[in-house]
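# Coordinate analysis (summary)
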Amino acid sequence: MDCNQRSPEGDWGARGKDCRDRWMLQGYVVNSGAHISATANVSLSYNDDGIENVAFGIGPIEAAFHAVENIVQTGAQLLSYQIRSMSRGMDAQGQVDVELEWQGRRVLGRGTSADIIEASIKAYLDGVNQIVKMDGYQWKEGEGDE
């Protein structure tokens, strides 16, 4: 079950216990161009609670990562970012791998999509969801949506 996809009924919360205690991507919008700061508006859910944040960055992926981090509040550091094509053609799937460091521990996150920004957000969230399972992580509800 892909916890980053809506159920066939269009519901985010009807995906079962496998998607509990996980950050999930609900949607995003990015804006970037020459001579302007990139912005990202990212919407996540955690146990059926939706949270949205807007952030700036040097590029659209950095802005999206900042928006995600503003919500999840792990304090994780991005150590590496890699993207590669998984197929050929105009509808090729991209795979993004990220390495995050949190409290001296490293996690690898992976995301795939035909949209590299979506794949990037999914990879970051995959790493974040591994952190969520570790001792010491505690999300302070209400502080990430300012």
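A brief look at the structure comes next. (Residues numbered from 1 in each chain as written. Predicted model: local features only at pLDDT ≥ 70, side-chain atom pairs only at ≥ 80, totals over all residues. Heavy atoms only, no water.)

A word on helix H2 (residues 116-132). Here H2 spans 24 Å end to end across 17 residues, near enough to the 24 Å set by a 1.5 Å rise per residue. Capping of H2 at its N-terminal end is provided by Asp115; its side-chain oxygen lies 2.8 Å from the backbone amide nitrogen of Ile117. (Helix = DSSP H or I, 4+ residues; strand = E, 2+ residues; numbered from the N terminus. Expected span 1.5 Å × (residues − 1). Polar contact = N/O pair within 3.5 Å; in protein donor to acceptor, adjacent residues only side chain to side chain.)

A word on the sheet that holds strand S6 (residues 105-113). Spatial ordering of the open sheet is given by S4-S5-S6, a layout of three strands whose pairing is antiparallel. At either margin of the open sheet sits one strand with a lone partner, and together these are strand S4 (77-85) and S6. With direction set aside, neighbouring strand axes in the sheet form an average angle of 15°. Here strand S5 (residues 94-102) runs beside S6; their pairing, made up of nine bridges, is antiparallel. When the bridges of S6 are listed, Glu99 appears paired with Leu108. Of the strands in this sheet, S4, S5 and S6 touch H2, which is tilted by about 145° from S6. (Pairing = 2+ DSSP bridges. Axes fitted to C-alpha atoms, helices over the stretch in contact; angles between N-to-C directions. Contact = heavy atoms within 4.5 Å.)

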